[in-house]
Amino acid sequence: QVQLVESGGGLVQAGGSLRLSCAASGRPLGDRAVGWFRQAPGMEREFIGGITWSGGSIYYADSVKGRFTISRDNAKNTAYLQMNSLKPEDTAVYYCAAHSRGSYYYTASYPYWGQGTQVTVSS
């Protein structure tokens, strides 16, 4: 079992930045890819990016490419989502998840999820 806890969310003005952390406990996070997702009210949970276990490959959704950066520190059992140039449409609950098998883009590929952290971007 992997337990995940996100932190770092909050209220920020458009154009601002936030860094989310995803801390793992239980089994090491280092042998799993990590995905970041978000869910706005009334919307489906969407993939925004993922990073392989080594950090050697990182994937981003087009909506955040060039603004968001995913990284990880396996020694600290933590993954990060750096969000720059935030827009009001980035407002959502953000989740990290530990990957098991299948496409990184699908929620069903991730059996372990954090509780989510709210990010609100004001205009």
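Look up a bit, the structure's there.
Because the structure is predicted, anything quoted here is derived from the model rather than measured.

**Thoughts on the overall build of the protein chain**
A tally of regular secondary structure across the protein chain gives zero helices and eleven strands. Secondary structure elements of the protein chain, listed N to C terminal, follow the sequence β-β-β-β-β-β-β-β-β-β-β. Its C-alpha atoms give the protein chain a radius of gyration of 13 Å, within 12% of the compact-globule value 14 Å for 123 residues. Projected onto its principal axes, the C-alpha positions of the protein chain cover 40 × 25 × 25 Å. Counting only residues that meet the buried cut, the protein chain has 44% of its 123 residues in that class. At a minimum sequence separation of 6, the contacts of the protein chain that also span at least 24 residues come to 56%. Each charge class in the protein chain was averaged separately, 11 positive and 8 negative side chains, and the resulting centres sit 6 Å apart.

**Examining the pattern of salt bridges**
Once their charged atoms are close, side chains differing in charge can pair, the charge on each being opposite to the other. Taken as a whole, this structure holds four salt bridges when the rule is applied. Two residues, Arg38 and Glu46, come together in a salt bridge whose shortest N-O distance is 2.6 Å. Arg38 gets classed as buried once you look at its relative accessible area, which sits at 6%. The salt bridge partner of Arg67 is Asp90, with a shortest N-O separation of 2.7 Å. Remark: Asp90 occurs in the loop between strand E8 (78-83) and strand E9 (92-98) and Arg67 occurs in the loop between strand E6 (58-60) and strand E7 (68-73); sequence separation between them is 23 residues. Side by side, Arg67 and Asp90 carry an identical accessibility label, which is buried. Each member of the salt-bridge network shares a partner with another, and the members are Arg38, Glu46, Arg67 and Asp90.

Cut-off values and rules
- Residues numbered from 1 in each chain as written.
- Predicted model: local features only at pLDDT ≥ 70, side-chain atom pairs only at ≥ 80, totals over all residues.
- Heavy atoms only, no water.
- Helix = DSSP H or I, 4+ residues; strand = E, 2+ residues; numbered from the N terminus.
- Rg over C-alpha atoms; globule rule 2.2 N^0.38 Å.
- Buried < 20%, exposed > 50% of the residue type's maximum accessible area, 1.4 Å probe, protein only.
- Contact = heavy atoms within 4.5 Å.
- Lys, Arg positive; Asp, Glu negative; His and termini not counted.
- Charge placed at Lys NZ, Arg CZ, Asp CG, Glu CD.
- Salt bridge = Lys/Arg side-chain N within 4 Å of Asp/Glu carboxyl O.

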